[in-house]
Amino acid sequence: MMGWFLTIIGGILYLNYLAIRNASEELLFVIPFAFYFILFFYIIVVLWVFPLLAHYQTTWFAYIRHAIIIGLTNMHYTLASGLVLFSVVYFSLDFPGLIPFFSVSLATIGCMWFSMQTFRQLDERTN
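Residues numbered from 1 in each chain as written. Predicted model: local features only at pLDDT ≥ 70, side-chain atom pairs only at ≥ 80, totals over all residues. Heavy atoms only, no water.

Once that is clear, we can look at the layout of surface pockets. The volume enclosed by the largest pocket comes to roughly 210 Å³. In terms of lining residues, the largest pocket is bounded by Val46, Leu47, Phe50, Pro51, Ala54, Leu85, Val104, Ala107, Thr108, Cys111 and Met112. For the lining of the largest pocket, the elements supplying multiple residues, two or more each, are helix 2 (30-55) and helix 5 (99-126). (1 Å grid on protein atoms, 1.4 Å probe; cavity = no way out; pocket = protein on both sides within 12 Å on 5 of 7 lines; lining within 4 Å. Points joined across faces, edges and corners; volume = space filled by probe spheres on them. Helix = DSSP H or I, 4+ residues; strand = E, 2+ residues; numbered from the N terminus.)

Attention now goes to the packing of aromatic side chains. A ring pair, where both rings are aromatic, is described by two values, the distance of the centres and the angle of the planes. For the coordinates displayed, the defined rule picks out 11 aromatic pairs. Between the aromatic rings of Trp48 and Phe119, the centroid separation amounts to 6.3 Å while the plane-to-plane angle is 65°, which identifies the pairing as edge-to-face. Of this pair, Trp48 sits in helix 2 while Phe119 is found in helix 5, placing the two residues 71 residues apart along the sequence. You can call Trp48 buried: its relative accessible area is 0%. Ring centres of Tyr77 and Phe114 lie 6.1 Å apart, and the angle between their planes is 45°; on these two criteria the pair is classed as tilted. Here Phe114 lies in helix 5 and Tyr77 lies in helix 4 (residues 75-94), a separation of 37 residues in the sequence. (Phe/Tyr/Trp six-rings, centres within 6.5 Å; stacked < 30°, edge-to-face > 60°. Buried < 20%, exposed > 50% of the residue type's maximum accessible area, 1.4 Å probe, protein only.)

A separate point is the nonpolar core. Counting residues in hydrophobic clusters, the biggest one holds 22 residues, and the most contacted among them are Leu6, Trp48, Val49 and Leu52. Taken together, the elements giving at least two residues each to this core come down to helix 1 (2-22), helix 2, helix 3 (60-73), helix 4 and helix 5. Ranked by the residues each element gives to this core, the list is headed by helix 2, at eight residues. Every residue in contact with Val49, bar those within four places of it in the chain, is listed here: Met2, Leu6, Tyr63 and Ala67. (Core = buried A, V, L, I, M, F, W, Y, C linked by side-chain atoms within 4.5 Å. Contact = heavy atoms within 4.5 Å.)

Turning our attention to helix 1. For helix 1, built from 21 residues, the straight-helix expectation of 30 Å at 1.5 Å per residue is met to within 8% by its first-to-last C-alpha distance of 30 Å. Burial in helix 1 covers these residues: Met2, Leu6, Gly10, Leu13 and Ile20. When helix 1 is viewed along its axis, its buried side chains cluster within an angular range of 80° and face the same direction. Among the exposed residues of helix 1, those oriented more than 90 degrees off its buried face are Trp4, Thr7, Ile8, Tyr14, Leu15 and Asn22. If you follow the buried residues of helix 1, they end up packed against helix 2 and helix 3. (Expected span 1.5 Å × (residues − 1). Arc of directions from axis to C-beta.)

On to the side chain of Ser81, then. Within the secondary structure layout, Ser81 lies in helix 4. Discounting residues that sit within four places of it in the chain, Ser81 has contacts with Leu47, Cys111 and Phe114.

The values are spatial; any link to function lies outside them.
Okay, structure coming up:
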């Protein structure tokens, strides 16, 4: 359910991007800036909510809230996870034969490794 929710939000953000791109001359500076600010938080939530779903059990709102908090406080792990995803997509597009075999698993392993580092640190702080 969380995946469908985030997909719908991503589709809405894409439609907003198309609207901003087509009417960019008429818009103030604030509207595209606010859009990219919201997109930044959306990317953080997408990167962190699925590892949180796999590791902890809480409510939907708490998953999103914790994803934002963890993503912002551990920005180096967030950037590293984003770099892993970008590099997997980049190499998968260069070598399309790798897509069904390695792309999803490599991206998941890379992101979960960084997530587990963060979760281990959080669990040590709380104990």
